[in-house]
Every structure is written in structure tokens, then in C-alpha cells.
Amino acid sequence: FSDAPDEAQLRLLVQGWLDNKALALQGQASMLPVVARQRLIDQVDQERAAAVAAGNTTVVKASVTSLEVVSRQPRRIELKAEVAYSDSTTDRSGSVVDRTEPGSLTITYILGRDGDQWRLTAYPCREPRARPRRHRHMAAEWRGIAGRAGAPGSQARMVERGGRAQRRPSPQ
């Protein structure tokens, strides 16, 4: 990526995070070191370890549908992404124990520059009054959306902070 990545490059980086995190949570090989800093990789590894200990596997489908640059500095870029998301968690017997129906999330991402490489560094909470939500399988970034936020088809705004998701219904 260049010193000032364009929207297509930024979208590729965020989608790379979503795709590789989904692979890692399923126990498959991923390229997380290419798109994220070690602290975030460690969090994903902890989420996977908790799922394995519980005997669960989560399959995630997530895709960036829109992206907005909120701020840009030489070594830091803040983005707001709309992400189409669904997941399914199964236990050892293959029974579905948790599911998030398809919906849309708004997530804030912070990218940082490490030498000549841009990586995801954080997904901070921008809504300090949002209440944390507990998640059985710890795929925190993607939980609590449509169907769980209220009326069918409603949207929820999600932000990540330290591996925890926080939810707040979107204004209507």
C-alpha cells in the first residue's frame, strides 16, 4: 500500500481482516499478521481457544458494503465501515447453538502504519454509554445485530473495543 492508501486499498485491508479473522475463528490457517497488529491477533487466538474449550465452532460471513475515511494522518487512519454480517455457531455434535441472522453493522476501525505496512490496530468504542454484551463464542465484533436489536430488520451499531463488542440500536 502507498503512503496514502486509496479507498480500494483501505477496503481490501478491512475485508482482509474480516476474512482472516473468520478463518482463524474456524481453526483454519489465516494471514492475520499481514492485516493486523499482534495484540489483535492474540485476541482472535484467545477467542478461538475459548470456543475450542467450549466445543464450539463459529462460521462467519462478513463483507464490507461501504467505507468512509473519518480522519487521515501520516501514520493513522480512522475508518467507518458498514459490514454485511451473519454467523452460525455449532457444538461438537453439529447442532446450532447460536446464530446471527444476516444484517448490517457499523464498525469504526483504526489503521496504523508499521514501517511501510498499514495494519489494523484497534476498533475503539465511540459510544461510551453503550452497554457491553456477553457472547458465548466470543466473536465479539459481529454479534447482536438484526433481530436482536429490536424489530425484525432493525439495525444495530456495533463497535469493538479490546475484543468486546458494544451495541446500541441505530437511530430511526
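Quick caveat, the model's predicted, so the values are computed rather than measured.

Caption draft 1: Summary view of the overall build of the protein. If you tally the helices and strands in the protein, you get three helices and seven strands. Along the chain direction, N to C, the helices and strands of the protein fall in the order α-α-α-β-β-β-β-β-β-β. Expressed as a percentage of its 172 residues, the buried residues of the protein come to 47%. Excluding contacts between residues fewer than 6 apart, the proportion of contacts in the protein whose partners are at least 24 apart in sequence is 60%. Of the roughly 8,800 Å² that the protein leaves accessible, carbon and sulfur atoms contribute 49%.

Caption draft 2: A look at helix α3 (residues 38-54). Its 17 residues give α3 an end-to-end C-alpha distance of 24 Å, which sits within 8% of 24 Å, the value for a rise of 1.5 Å per residue. Residues of α3 that are buried include every one of Leu 40, Ile 41, Gln 43, Val 44, Glu 47, Arg 48 and Ala 51, and no others. The arc that holds the buried residues of α3, viewed along the axis, is 160°, so those residues lie on one side. In α3, the exposed residues that point more than 90 degrees away from the buried face are Gln 46 and Ala 53. Packing partners of the buried residues in α3 comprise α1 (7-25), α2 (32-35), β1 (57-73) and β4 (117-122). The positive-phi residue at the C-terminal boundary of α3 is Gly 55, with phi of around 80°.

Caption draft 3: Expanded view of the nonpolar core. Core analysis: the biggest nonpolar cluster contains 30 residues, and Trp 17, Leu 18, Tyr 109, Leu 111 and Leu 120 have the highest contact counts within it. Of all elements in the fold, only α1, α2, α3, β1, β2 (76-90), β3 (96-114) and β4 reach the threshold of two or more residues within this core. Tallying contributions element by element places α1 first for this core, with eight residues.

Caption draft 4: Here's a closer look at the pairing of β4. Bridge analysis of β3 against β4 gives five bridges, and the strand direction is antiparallel. Counted as the bridge partner of Gly 112 is Arg 119 from β4. Linkage of β3 to β4, two consecutive antiparallel strands, is achieved through a turn of two residues, within which Gly 115 is found at a positive phi near 65°.

Caption draft 5: Spotlight on the sheet that holds β4. Read across the open sheet, the four strands follow the order β1-β2-β3-β4; overall the sheet is antiparallel. Taken across any chain shown, the strands that pair with only one partner, and hence form the sheet edges, are β1 and β4. The sheet shows a mean angle of 30° between the axes of neighbouring strands, direction not considered. Against the sheet, α1 contacts β1, β2, β3 and β4, and its axis sits at roughly 155° relative to β1. Lying over the sheet, α3 contacts β1 and β4, oriented at roughly 55° with respect to β4.

Caption draft 6: Just the environment of Gly 16, in detail. Within the secondary structure layout, Gly 16 lies in helix α1. Taking the C-alpha atoms as reference, Gly 16 lies 10.0 Å from Leu 120; in sequence the two are 104 residues apart.

Caption draft 7: Structural view of the packing of aromatic side chains. The tally for this structure, following the rule as stated, stands at one aromatic pair. Aromatic side chains Trp 17 and Tyr 123 sit 6.1 Å apart centroid to centroid with 35° between the ring planes, which places their arrangement in the tilted category. Of this pair, Trp 17 sits in helix α1 while Tyr 123 sits in the loop between β4 and β5 (131-132); the two residues are 106 residues apart in sequence, bridging distant segments of the chain.

Caption draft 8: Up close: the environment of Leu 13. Here Leu 13 shows up in helix α1. Look at Leu 13 and you get buried, because its relative accessible area is 4%. Counting along the chain gives 23 residues from Leu 13 to Ala 36, while the straight-line C-alpha distance between them is 9.0 Å.

About the criteria used
- In this convention, every chain numbers its residues from 1, walking through the sequence in written order.
- Residue-level local features of this predicted model are given only where pLDDT is at least 70; pairs of side-chain atoms are given and counted only at 80 or more, and the full residue set underlies all totals for whole chains, interfaces and linings.
- Calculation of side-chain values draws on the structure's entire complement of heavy atoms; hydrogens and water are dropped beforehand.
- Here a helix means four or more residues in a row that DSSP labels H or I, a strand means two or more in a row labelled E, and each is numbered from the N terminus.
- Relative accessibility thresholds used throughout: buried, under 20% of the residue-type maximum; exposed, over 50%; partly exposed, between the two (1.4 Å probe, protein chains only).
- The contact rule is simple, with two residues in contact once any of their heavy atoms fall within 4.5 Å.
- All accessible-area figures derive from a Shrake-Rupley calculation using a 1.4 Å probe, and residue coverage is judged against the displayed protein chains alone.
- One less than the residue count of a helix, multiplied by 1.5 Å, gives the span that helix is expected to have.
- Each direction from the helix axis to a C-beta atom contributes to the arc, which is the arc of those directions.
- Take the buried Ala, Val, Leu, Ile, Met, Phe, Trp, Tyr and Cys residues and link them wherever side-chain atoms come within 4.5 Å; each set so joined is a nonpolar core.
- Here the rule is simple: two strands pair whenever DSSP picks up at least two bridges between them.
- Axis definition: a line fitted to C-alpha atoms, over the contacting stretch in the case of helices. Angles run 0 to 180 degrees between N-to-C directions.
- Here a Phe, Tyr or Trp ring, Trp counted by its six-membered ring, pairs with any other such ring whose centre lies within 6.5 Å, and the pair is stacked when the planes are under 30 degrees apart, edge-to-face when over 60, and tilted otherwise.

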